[in-house]
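Letter by letter, the chains look like this.
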Amino acid sequence: MRILDCLSDPAGWPALQEAAREIAIANFGHGVFLRGLIEISNYCRNDCRYCGIRRSNRCVERYRLNGETILACCETGYRIGLRTFVLQGGEDPTMTDEFLVPVITQIREKYPECAITLSLGERSEASYRALFEAGANRYLLRHETVNPVLYGDLHPEGMSLENRLNSLRTLKKIGFQTGTGFMVGVPGQTIEDIAEDLAFIRDLQPEMIGIGPFIPHSDTPLGHAPAGSVELTLASLSIARAICPTALIPSTTALASLSTDGRIRGILAGANVVMPNLSPVEERSKYSLYDGKAAFGAEAAEGIHMLERELNAVGYHISWDRGDYKH
Ligand code: SAH
């Protein structure tokens, strides 16, 4: 069935989710991979209209982690059993290669068997290459939307869909396992746009796919817009699973934040990754992309046992494998 037909047919969503779940089980069994998320900086030079850490939000208390703290977060995660560390942040101009390369090199030396994922936005090809050579293996960069007009409406001048897509191509060329994705329900987005985003993902065949609901942040221009629909997010996620059967797809924090059973419903709709938060507890709430972010409870590194119980209750379990993409 065409992607748009699936998205437009809520009556078919339960069957769609079931089919996606079966595809995930056929490829991964009932294991769910973990990624420890370290939010390394909430400084950002960009001004995306949906994002709580955008440059013009003066209400955010800004922080950045130093190398020592980032390594301490990895150590905490490693002891818990996490084998992938995701360094995510705003586009902080002080997060230069001079800063990042030694940090990545140290993580690589200390934890040779672990995967290092970066999610630091758009950088030059030379920078991506330096970070890859220092030992990073994966990069997450959501394309956000393939509709250039909507892209322009949501992002500040100076950012463009073309640059975003070029970055994705560059990351793939360098050899990163590459992740992309989008928000569901961002203001101005139509169901046709979502279908186009999914068709783009089908053609790109990224190793990782992040799809979560838009959630307003009160100190942004879109602060009064309604949140995206959980059901439509799940349907989009299931289609992503159907068109990319072996991709690594997280049940996103945004989904868990919007609905108490969101994380489990994401797994049951075909997701196979959860990203517990490993950031220092004092900083966790400052990395607020949207209101009401889940960062404690089962969404936190400290809540791993709770997560295991939640997964067990629906017949799943944590897979302690590092969980690389299998071609
Ligand atoms: N600066 C990095 C990391 C961005 S944060 C980058 O540019 O890639 C990771 C993702 O969070 C973004 O790609 C976006 O899709 C999502 N996000 C940002 N604001 C959000 C909001 N209000 N609701 C839901 N998701 C949001």
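Going by the structure above, here's the rest.
In short, a report on the structure. All values reported here derive from a predicted model rather than from experimental measurement.

About the thresholds
- Residues numbered from 1 in each chain as written.
- Predicted model: local features only at pLDDT ≥ 70, side-chain atom pairs only at ≥ 80, totals over all residues.
- Heavy atoms only, no water.
- Near = heavy atom within 4 Å.
- Polar contact = N/O pair within 3.5 Å; in protein donor to acceptor, adjacent residues only side chain to side chain.
- Areas by Shrake-Rupley, 256 points an atom, 1.4 Å probe, with all protein chains shown as cover.
- Nonpolar A, V, L, I, M, F, W, Y, C, P; charged D, E, K, R; others polar.
- Pairing = 2+ DSSP bridges.
- Helix = DSSP H or I, 4+ residues; strand = E, 2+ residues; numbered from the N terminus.
- Axes fitted to C-alpha atoms, helices over the stretch in contact; angles between N-to-C directions.
- Salt bridge = Lys/Arg side-chain N within 4 Å of Asp/Glu carboxyl O.
- Buried < 20%, exposed > 50% of the residue type's maximum accessible area, 1.4 Å probe, protein only.
- Expected span 1.5 Å × (residues − 1).
- Arc of directions from axis to C-beta.
- Contact = heavy atoms within 4.5 Å.

**A closer look at the site of the ligand**
Then, in step 1: With respect to spatial proximity, 17 residues lie near the ligand, and among them Tyr 50, Gly 89, Arg 142, Glu 144 and Ile 215 are the closest.
Then, in step 2: The side chain of Glu 144 places a nitrogen or oxygen atom 2.5 Å from an oxygen atom of the ligand.
Then, in step 3: Arg 164 places a side-chain nitrogen or oxygen 3.3 Å from an oxygen atom of the ligand.
Then, in step 4: A total of 560 Å² of accessible area belongs to the ligand in isolation, and the protein chains cover 90% of it.
Then, in step 5: Across the shell around the ligand, the residue classes break down as nine nonpolar, five polar and three charged.

**Focus on the sheet that holds strand β6 (residues 177-184)**
Each strand in a sheet pairs with its neighbour through backbone hydrogen bonds, running either in the same direction (parallel) or in the opposite one (antiparallel).
Then, in step 1: Within the open sheet, the six strands sit side by side as β2-β3-β4-β5-β6-β7. Their pairing is parallel. Each of the sheet's edge strands pairs with one partner strand only, and the pair in question is β2 (36-41) and β7 (208-213). Going from strand to strand, the sheet's axes swing by 20 degrees on average, the running direction of each strand aside.
Then, in step 2: One ladder, built from three bridges, connects strand β5 (residues 138-140) with β6; its direction is parallel. Residue pairing across strands places Tyr 139 opposite Thr 178, the latter belonging to β6.

**Topic: the pattern of salt bridges**
Then, in step 1: In total, this model carries 22 salt bridges according to the counting rule given.
Then, in step 2: Here Glu 39 makes a salt bridge to Lys 293, at a shortest N to O gap of 2.9 Å. Taken together, the residues Glu 39 in strand β2 and Lys 293 in the loop between α12 (281-284) and α13 (304-313) connect sequence positions 254 residues apart.
Then, in step 3: In this structure Lys 293 comes out as buried when scored by relative accessible area, which is 18%.
Then, in step 4: A single network of salt bridges, built from pairs that share partners, joins Asp 47, Arg 54 and Arg 55.

**Considerations on unusual backbone geometry**
Then, in step 1: The phi angle at Glu 144 is positive, at roughly 75 degrees, despite the residue not being glycine.
Then, in step 2: As for its placement among the helices and strands, Glu 144 is situated in the loop between β5 and α6 (148-154).
Then, in step 3: Phi is positive for Gln 205, which is not a glycine, with a value near 50 degrees.
Then, in step 4: Structurally, Gln 205 is set in the loop between α8 (191-204) and β7.
Then, in step 5: Judged by relative accessible area, Gln 205 falls into the partly exposed class, the value being 30%.

**So, the environment of Asp 321**
Then, in step 1: Take Asp 321: it is sitting in the segment after β9 (317-319).
Then, in step 2: By relative accessible area, which is 49% here, Asp 321 ends up partly exposed.
Then, in step 3: Between the C-alpha atom of Asp 321 and that of Ala 26, which follows or precedes it by 295 residues, the distance is 17 Å.
Then, in step 4: Within the structure, the side chain of Asp 321 is placed 3.2 Å from the backbone nitrogen of Gly 323, a separation counted as a polar contact.

**Here's the deal with helix α2 (residues 13-28)**
Then, in step 1: With 16 residues, α2 ought to run about 22 Å at 1.5 Å a step, and its terminal C-alpha atoms sit 22 Å apart, in line with that.
Then, in step 2: Buried within α2 we find Trp 13, Leu 16, Gln 17, Ala 20 and Ala 24. For α2, the angular spread of the buried residues around the axis is 95 degrees, confining them to a single face. Exposed residues lying more than 90 degrees from the buried face of α2 are Pro 14, Ala 15 and Ala 26.
Then, in step 3: Where α2 is buried, its residues touch α1 (3-7), α9 (230-243) and α11 (262-268).
Then, in step 4: Gly 29 occupies a position one or two residues after α2 and carries a positive phi of about 65 degrees.

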